[in-house]
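# Coordinate analysis (summary)
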Amino acid sequence: MSAPPAFPAAALGHQRSAAVPVLSALLIAGISYAVYTKLGLMGLVFVSGALALGSVFAAISVKFLAIPVIIWFVSLMGFRTLFMLRTPGLPDISLDRALLLWIVLVYVIRSTTAGKSRQRLESLDVLLVVHALYLLASLLLRKSWGMNAWTHSYLMGYSAYFVAKYIVAGRWPWIQKVLVLLAVLNVYHGVTGIAEHFHIDALVWPKTILDQDIRRSFVSRSSGVFMQPAVFGTIIGMQLPFNIYFMRTARHPLVRAVLYITFPLVLLGFYYCYTRGSWIAGIGALVAMGLVGRRQYLPLIGRFALIGLLVLGTGVINVKEDQFFNERMGTEQTITGRIGTLGRAYRIFVANPLFGCGFFRYNEVKAEYMGTMEVPIYGVIKRTHDVQSTLHDMYIGALAEEGLLGVSLLTAIWWQMFRIFRRKWALRAKGDHFAIYVLPAFAGTIVGYFVGGIAFDYRFFAAMGSLLFLSVGLIAGYAPDEQPDEHPSRAPATGPEAAKPRIELAR
């Protein structure tokens, strides 16, 4: 007869389960003591708080990945420097970069456990990767200083496409939240632009906008959170279609009233950027939206245009007395400087036709390609005129730095974007809400990007490229089976269906 065990099996299991919290408590105590001895009491409090918040954020991210995605996109819209960790010799760790790494990590873990994504691989996906790698190779081989520009422009912009397509993945609640976010951000930009112009400091946030040392070269021009009037104005112009979208589709009278009250504020803040290229981008965005969505949006945009003409014609807003407006419109130096820049960029391209001079290297090599030009109608542009000008377009400038190979990849990317848009545009025949109402807004944003690019080089800024490729990614990822339950042109739901929430947080 064998001897009974010294302890029952249940007792052994209880002891093993009790050992886990004990060991965990000892580990936490040891780490806390080490942090306290190195950083003191305040350091311990800070680390403990950061770990607690990090744990909560991790739990939320695993269940609702939409939340970090939205925070990440907001960071790209000018707030990326709210958190910045300097890393000499490497790209700085900013809020957008840290969040992108986190989003990719969570997505990979979730997709590995949940199975394959339902999104198919597009030609555009491959082209974006190839073009990004081509520019990275150009940076490394030419020993350019443009790594930082590459990471927060092309890398972030192209990442916005992949996040929109594969993570948002056509889910209408996510898409709707992004549209709301873009419209709200534009109201914020408009109010900030007005507050800057009239020096109402209490309405300006973040307060770094008020730092005169940072924006000393933009006196009297609203520059917003971007600290750059051209970026500020172009983003407002590209986002105008989303304000129009909600003005057209909102049902609740109070919501409609807020939208109609805030839209003039957005336009006024847009005006105070005092940047002609940005104004052209905004006008191009609205015109494109009206033409693509003729039945849905052209009457509304036409009414706003008529009101604008009446306001200007009757002198309610007298631009003739706006001294800074007249100075900006009459500035000849910026025009001659840009013509000179185009001439230098063209000479660089002729000398380096296949691969260009290298990404972000125009300023390094431009001194070798200066020369006097005689422009038809305009006259002579002297060799030394405005030699400090940088690239101001994304077409000839791209030819100079990326060569025919880089621009051929860009052209292929733009063509694939058009093909994706056309494929989803065909859904309007089925009465699809996204195709009928949302696609014209995205068309306006996309056209605003390309029109504004004639006068402004977007390739070194995160915001414009990210907004463009987020829009394209949402279009590419949209699936008709994820369309909203209700169509704006249909009668509102009644009875029990009306009590159901219209938007659920996407999982």
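For the structure, see preceding data.
Now for a description of the structure that goes with this document. All figures in this text were calculated on a predicted structure; none of them were measured in a lab. By convention here, each chain's residues receive numbers from 1 onward along its written sequence. Per-residue local features of the predicted model are confined to residues with pLDDT of at least 70, and side-chain atom pairs are confined, for both listing and counting, to 80 or more; whole-chain, interface and lining totals are unaffected and use all residues. Each side-chain value is derived from all of the structure's non-hydrogen atoms; neither hydrogens nor water enter the calculation.

## A closer look at empty space enclosed by the protein
To be explicit about the condition: Using only the protein atoms, space was sampled on a 1 Å grid; points where a 1.4 Å probe fits but cannot get out form cavities, open sets with protein on both sides within 12 Å along at least five of seven lines form pockets, and lining residues are those with an atom within 4 Å of a point. Grid points are joined across faces, edges and corners, and a volume is the space filled by probe spheres set on the points. Under the DSSP-based scheme used, a helix requires at least four consecutive residues in state H or I and a strand at least two consecutive residues in state E, with every element numbered from the N terminus. When residues are sorted by character, Ala, Val, Leu, Ile, Met, Phe, Trp, Tyr, Cys and Pro go into the nonpolar class, Asp, Glu, Lys and Arg into the charged class, and all the rest, Gly among them, into the polar class.
Taken as a whole and assessed by the stated rule, the structure comprises 4 cavities of 30 Å³ or more. Taken as a whole, the largest cavity encloses approximately 170 Å³ of empty space. Lining the largest cavity are 14 residues, with Tyr154, Tyr449, Arg459, Gly465 and Phe469 sitting closest to its centre. For the lining of the largest cavity, the element with the highest residue contribution is helix H5 (residues 147-168), accounting for 4 residues. Classifying every residue of the lining of the largest cavity gives 10 nonpolar, 3 polar and 1 charged. Computed from the structure, the second largest cavity encloses a volume of approximately 50 Å³. Val69, Ile70, Trp72, Phe73, Val168, Val178, Leu181 and Leu470 together form the lining of the second largest cavity. Elements with a minimum of two residues in the lining of the second largest cavity: helix H2 (66-79) and helix H6 (172-197). The greatest single-element share of the lining of the second largest cavity, amounting to 4 residues, is contributed by H2.

## Here we look at helix H14 (residues 396-425)
Applied cut-off: Multiplying one less than the number of residues by 1.5 Å gives the expected span of a helix. Here the bend at a residue is taken as the angle between two axes, fitted respectively to the seven residues that end there and the seven that start there.
Given a rise of 1.5 Å per residue, 30 residues ought to cover 44 Å, yet the end C-alpha atoms of H14 are separated by just 31 Å, more than 12% below that figure. At Gly403, H14 shows its largest bend, some 120°.

## Quick word on the packing of helix H7 (residues 229-249) against helix H9 (residues 276-292)
Note the following rule: Where helices are involved, their axes are fitted lines through C-alpha atoms of the stretch in contact, as for all axes, and angles between N-to-C directions lie from 0 to 180°. An angle below 35 degrees is treated as roughly parallel, one above 145 as roughly antiparallel, one from 65 to 115 as roughly perpendicular, and anything else as oblique. For a crossing to be left-handed, the near helix must be turned anticlockwise from the far one by less than a right angle; the clockwise case is right-handed. Contact definition: two residues touch when any of their heavy atoms are within 4.5 Å.
For the pair H7 and H9, interaxial distance at closest approach is 8 Å and the crossing angle is 15°. Judged by the inter-axis angle, H7 sits roughly parallel to H9. Classified by chirality, the crossing of H9 by H7 is right-handed. Facing Pro229, Ala230, Gly233, Thr234, Gly237, Leu240, Pro241, Ile244 and Tyr245 of H7, the residues of H9 in contact are Ser278, Ala281, Gly282, Ala285, Leu286 and Met289. By residue class, the composition of the contact of H7 with H9 is 10 nonpolar, 5 polar and no charged.

## A few points about the packing of H7 against helix H8 (residues 253-271)
The interhelical angle for the contact between H7 and H8, taken along N-to-C directions, is 165°, at an axis separation of 10 Å. As the angle between them shows, H7 and H8 are arranged roughly antiparallel. Considering the relative orientation of H7 and H8, their crossing is left-handed. Contact with H7, carried on its side by Phe232, Gly233, Ile236, Gly237, Leu240, Asn243, Ile244, Phe246, Met247 and Arg248, involves Arg256, Leu259, Tyr260, Phe263, Val266, Leu267, Gly269 and Phe270 of H8 and no other residues of that element. Along the lines of polarity and charge, the residues of the contact of H7 with H8 split into 12 nonpolar, 4 polar and 2 charged.

## Side note on the packing of aromatic side chains
Applicable threshold: Aromatic rings from Phe, Tyr and Trp, taking only the six-membered ring of Trp, are treated as a pair when their centres fall within 6.5 Å; an angle between ring planes under 30 degrees marks them as stacked, one over 60 as edge-to-face, and anything in between as tilted. Relative accessibility decides the category of a residue: with a 1.4 Å probe and only protein chains considered, values under 20% of the type maximum give buried, values over 50% give exposed, and everything between is partly exposed.
Enumeration over the complete set of coordinates arrives at 28 aromatic pairs. Measuring from ring centre to ring centre gives 6.1 Å for Tyr260 and Phe304, while their planes differ by 20°; the resulting arrangement is stacked. Note that Tyr260 is positioned in helix H8 and Phe304 in helix H10 (residues 294-313), a separation of 44 residues in sequence. Under the relative-accessibility criterion, Tyr260 is labelled partly exposed at 32%. Through pairs of rings, three or more aromatic residues link up here, namely Tyr395, Trp414, Tyr449, Phe450, Phe456, Tyr458 and Phe461.

## Structural notes on H9
With 17 residues, H9 should cover 24 Å at 1.5 Å per step; its first-to-last C-alpha distance of 24 Å lies within 8% of that length. Regarding H9, the residues found buried are Gly277, Ser278, Trp279, Ala281, Gly282, Gly284, Ala285, Leu286, Ala288, Met289 and Gly290.

## Comments concerning unusual backbone geometry
With an omega of -5°, the peptide bond between Trp205 and Pro206 qualifies as cis. Its place among the elements puts Pro206 in the loop between H6 and H7. The phi dihedral of His199 falls on the positive side, at around 60°, and the residue is not glycine. Residue Phe360 is not a glycine yet carries a positive backbone phi of 70°. Its place among the elements puts Phe360 in the loop between helix H12 (333-351) and helix H13 (362-365).

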